[in-house]
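Fold and contact review
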Amino acid sequence: MVIAAPASGSGKTTVATGVMAAFAARGTTVSGHKVGPDYIDPGYHALATGRPPRNLDPVLCGEDGIAPLFAHGAHGADIAVIEGVMGLFDGAADPSPFPGPGDFASTAHVAALLAAPVVLVVDAARTSRSVAALVHGFCTFDPRVHVGGVILNGVGSPRHEELLRTAMADTGVEVLGAIPRRDAVAAPSRHLGLVPAAERATPAGSAVAELGELIGSCCDLDAITALARGAGAITTQPWRPEEALAAAAPSGDAALATVAPSVEPPLRVAVAGGPAFTFSYTENTELLRAGGAEVVTFDPLHAQTLPEATSGLVIGGGFPEVHAADLAANVPLRAAVAQAARRGTPIAAECAGLLYLCRSLDGAAMCGVLPAHAHMSERLTLGYRRAVAPADSLLARAGTRVQGHEFHRTAVTPAHGDTPAWQWSAAGPEGFAGPTLHASYLHLNWAGAPRIAARLLDAARAHNRKQRT
């Protein structure tokens, strides 16, 4: 079932994470999912469920990919809880590239694709009877979407709750819970939203446990279970990373030829993690493993060197700007990354990874792989991008088109190298690319472009062979 809201700030993440934690505390196996490209909320879902975080994004992975990816991620779970994005019917900011009435990639869109019932979280802090009118409107606005229940958030007192429930009785929509006003379990925020769970492991774990207790005490979990059981059947086959990789090699692209792992040297891909690099899609790692790679996570804040026998390096998104001084202080690892780049180790970097590869970040020394400097900006850059590769590179052939997402409050000077990574606007090209390097602000879910994973794996194999000759 889907947990949605009329607007951002209504308490979706609080309720969704709390529902997941409450079910998990009962011994229920819970699968957590997030509509859209966001990395931060799924980190809290993972704490609540003990399962890998999952995203469902029709822009990054296509409409046809949503049900297979959902079935894959929810495999083995007793209940799947999907947290929405923004307001229930709010789609991609620029609907022009997408079909439909402007709600493409909205929570309603994903709920309709999965025939999943919706629980509407309503901020009731400053309303009473008007809540019924609001809920009535959301229930009748789109016949594709079934709003099966409401959770009232920010209830001020028992009398306030009584007024709200009386008003809701006229709508015929069941009230599944009423959450009192409570700030003690709120997660802290900063310039790009909530602070990632990985940066506050102990307090985040405690907050998630408290949320579970709160939701368990004031929401009807049995009624929520009954609602979820009414979801439509998923008849599609689950997404399989092995099949996605096999289908990623088009005829005539010899660079993606499959080589039997038994005759190959061991393939090890190092993936940056820890508090500074928290943004990654689970499917990216699954594709690497499906291609025969051993994926080893390392923390650039503490690791003194790259994992032994690294064949490829992935540095994803996160908040290096918050940890710039500590990243700069880890001189041995910065030197190891620079040396790996000089040796031709394939390196794929997104956003935070781009900043880490620069010469400096707000004056703090970084790896120096790229002839560029990074700094914090006053402007938030956010949105989907339809990008094209202007030249052949590690991850894409010239002319390759992808759907990505940009999310940062930093800038890099210069914005691109002699061979840019992507171009997505009239403003010009972006990023740095070459045969063994790809660094860009663009975030990609490789489940929507598995050819990227295939090319990285192929380059890592080639690097392995070169190192052993």
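In the block above lies the structure referred to throughout.
About the cut-offs
Residues numbered from 1 in each chain as written. Predicted model: local features only at pLDDT ≥ 70, side-chain atom pairs only at ≥ 80, totals over all residues. Heavy atoms only, no water. Helix = DSSP H or I, 4+ residues; strand = E, 2+ residues; numbered from the N terminus. Buried < 20%, exposed > 50% of the residue type's maximum accessible area, 1.4 Å probe, protein only. Contact = heavy atoms within 4.5 Å. Pairing = 2+ DSSP bridges. Phe/Tyr/Trp six-rings, centres within 6.5 Å; stacked < 30°, edge-to-face > 60°. Expected span 1.5 Å × (residues − 1).

With that settled, consider the environment of A398. Looking at the element boundaries, A398 is found in the loop between β16 (373-388) and β17 (401-413). A relative accessible area of 46% means that A398 is categorised as partly exposed. In sequence terms A398 and A449 are 51 residues apart; their C-alpha atoms lie 15 Å from each other. Ignoring sequence-local partners within four residues, the contact set of A398 consists of A389, P390, A391 and D392.

Our focus in this paragraph is the pairing of strand β21 (residues 437-440). Of the two faces of β21, the one holding L437 and A439 and the one holding H438 and S440 are both buried throughout. Both strand β13 (residues 347-350) and β21 contribute to a ladder of four bridges, which runs parallel. Across the sheet, the residue bridging to E350 is S440, located in β21. Once strand β20 (residues 432-433) ends, the chain turns through three residues before running back antiparallel as β21.

Geometrically, the link from T413 to P414 is a cis peptide bond, its omega value of -5 degrees lying close to zero. Its identity is not glycine, yet M86 carries a phi of approximately 50 degrees, on the positive side. With a phi angle near 55 degrees, C351 is a residue other than glycine that sits in the positive phi range. Locating C351 in the fold gives a position in the loop between β13 and α14 (352-357). Classification of C351 by relative accessible area gives buried; the value is 5%.

On to the packing of aromatic side chains. Each aromatic ring pair is summarised here by two numbers: the centre-to-centre distance and the angle between the ring planes. Counted under the stated rule, the structure contains seven aromatic pairs. When the ring of F89 is compared with that of F138, the centres are 5.8 Å apart and the planes differ by 25 degrees; the resulting orientation is stacked. Linking F89 in the loop between β4 (79-83) and α5 (107-114) with F138 in helix α6 (residues 130-140), this pair joins segments that are 49 residues apart in sequence. You can call F89 buried: its relative accessible area is 16%. Their ring planes at 15 degrees and their centres at 6.4 Å tell us that F279 and F407 sit as a pair that is stacked. Note that F279 is positioned in the loop between β10 (268-272) and α11 (282-290) and F407 in strand β17, a separation of 128 residues in sequence. Its relative accessible area of 12% is what places F407 among the buried residues.

A separate point is the sheet that holds β10. The strands making up a sheet associate through backbone hydrogen bonding, with each pair oriented either parallel or antiparallel. Spatially, the six strands line up as an open sheet ordered β11-β10-β12-β13-β21-β20, and their pairing is mixed. Unpaired on one side and paired on the other, β11 (294-298) and β20 mark the two borders of the sheet. Both β10 and β11 contribute to a ladder of five bridges, which runs parallel. In the sheet register, V269 faces β11, and the bridge partner there is V295.

On to helix α7 (residues 158-169), then. Here α7 is twelve residues long and its end C-alpha atoms lie 16 Å apart, about the 16 Å a rise of 1.5 Å per residue gives. Looking at the buried side of α7, the elements it contacts are α6, β6 (147-155) and β7 (175-180).

Where burial is concerned, the two faces of β13 agree: the one with I347 and A349 and the one with A348 and E350 are both buried. As paired strands, strand β12 (residues 312-315) and β13 are joined by three bridges and run parallel to one another. If you follow I315 over to β13, its bridge partner there is A349.

Remember, this is a structural readout, not a statement about activity or role.
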